[in-house]
Amino acid sequence: MRFEIMRLDDVDGTAVDSTVVDAASVKRIVQQAAATGQRIYIRPAESPAS
């Protein structure tokens, strides 16, 4: 499964960038965000059209 991770602006919470990663990478990214105090939003990535 793939997830979209958006980094959020500290002031207004708008998405400043996003990336799509596999499930194995989510834990590492969450740990990095927690260590640096970054706000992130994680959601399942949309499936590509068949």
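Please read all numbers here as calculations on a predicted model, not as lab measurements.

Undergrad: Teacher, can you tell me more about the overall build of the protein chain here?
TA: Within the protein chain, the regular secondary structure consists of 1 helix and 3 strands. Each helix and strand of the protein chain, placed in order from N terminus to C terminus, yields the pattern β-β-α-β. The principal-axis extents of the C-alpha atoms in the protein chain amount to approximately 40 × 20 × 10 Å. Pairs at least 24 apart in sequence give 45% of the contacts found in the protein chain among residues at least 6 apart. With the model as given, the accessible surface of the protein chain reaches about 3,800 Å², and the carbon-plus-sulfur share is 52%. Of the side chains in the protein chain, 6 bear a positive and 7 a negative charge, and the two mean positions are spaced by 8 Å.

Undergrad: Even after reading the chapter, I still don't get the pattern of salt bridges, so can you show me in this structure?
TA: Side chains that carry opposite charge are capable of pairing whenever their charged atoms lie near each other. Using the criterion set out here, one finds 1 salt bridge in the structure. Between Arg43 and Glu4 there is a salt bridge, and its shortest N-O distance comes to 2.8 Å. Of this pair, Arg43 sits in strand S3 (residues 39–44) while Glu4 sits in strand S1 (residues 2–8), and the two are 39 residues apart along the sequence. Looking at Glu4, the relative accessible area reads 16%, which means it is buried.

Undergrad: Please clarify how the pairing of strand S2 (residues 15–22) should be interpreted in this entry.
TA: Relative to S2, S1 runs antiparallel, the two sharing 7 bridges. By the bridge assignment for S2, Glu4 is matched with Val20. Linking S1 to S2, which pair antiparallel, is a turn of 6 residues; within it Gly13 sits at a positive phi near 80°.

Undergrad: Sorry if this is basic, but what is going on with the environment of Met1 here?
TA: Along the chain, Met1 turns up in the segment before S1. Remark: the alpha-carbon pair of Met1 and Pro44, spanning 43 residues in sequence, is separated by 7.7 Å. Ignoring any residue separated from it by four or fewer positions in sequence, one finds Met1 in contact with Val21, Asp22, Ala23 and Pro44.

Undergrad: Just checking my understanding: could you explain the nonpolar core for this structure?
TA: The tendency in soluble globular proteins is for nonpolar side chains to be buried as a group. Counting residues in each nonpolar core, the largest one holds 5 residues, listed as Phe3, Ile5, Val21, Val26 and Ile29. Where this core is concerned, the elements lending two or more residues are S1 and helix H1 (23–36).

Conventions and cut-offs
- Residues numbered from 1 in each chain as written.
- Predicted model: local features only at pLDDT ≥ 70, side-chain atom pairs only at ≥ 80, totals over all residues.
- Heavy atoms only, no water.
- Helix = DSSP H or I, 4+ residues; strand = E, 2+ residues; numbered from the N terminus.
- Contact = heavy atoms within 4.5 Å.
- Areas by Shrake-Rupley, 256 points an atom, 1.4 Å probe, with all protein chains shown as cover.
- Lys, Arg positive; Asp, Glu negative; His and termini not counted.
- Charge placed at Lys NZ, Arg CZ, Asp CG, Glu CD.
- Salt bridge = Lys/Arg side-chain N within 4 Å of Asp/Glu carboxyl O.
- Buried < 20%, exposed > 50% of the residue type's maximum accessible area, 1.4 Å probe, protein only.
- Pairing = 2+ DSSP bridges.
- Core = buried A, V, L, I, M, F, W, Y, C linked by side-chain atoms within 4.5 Å.

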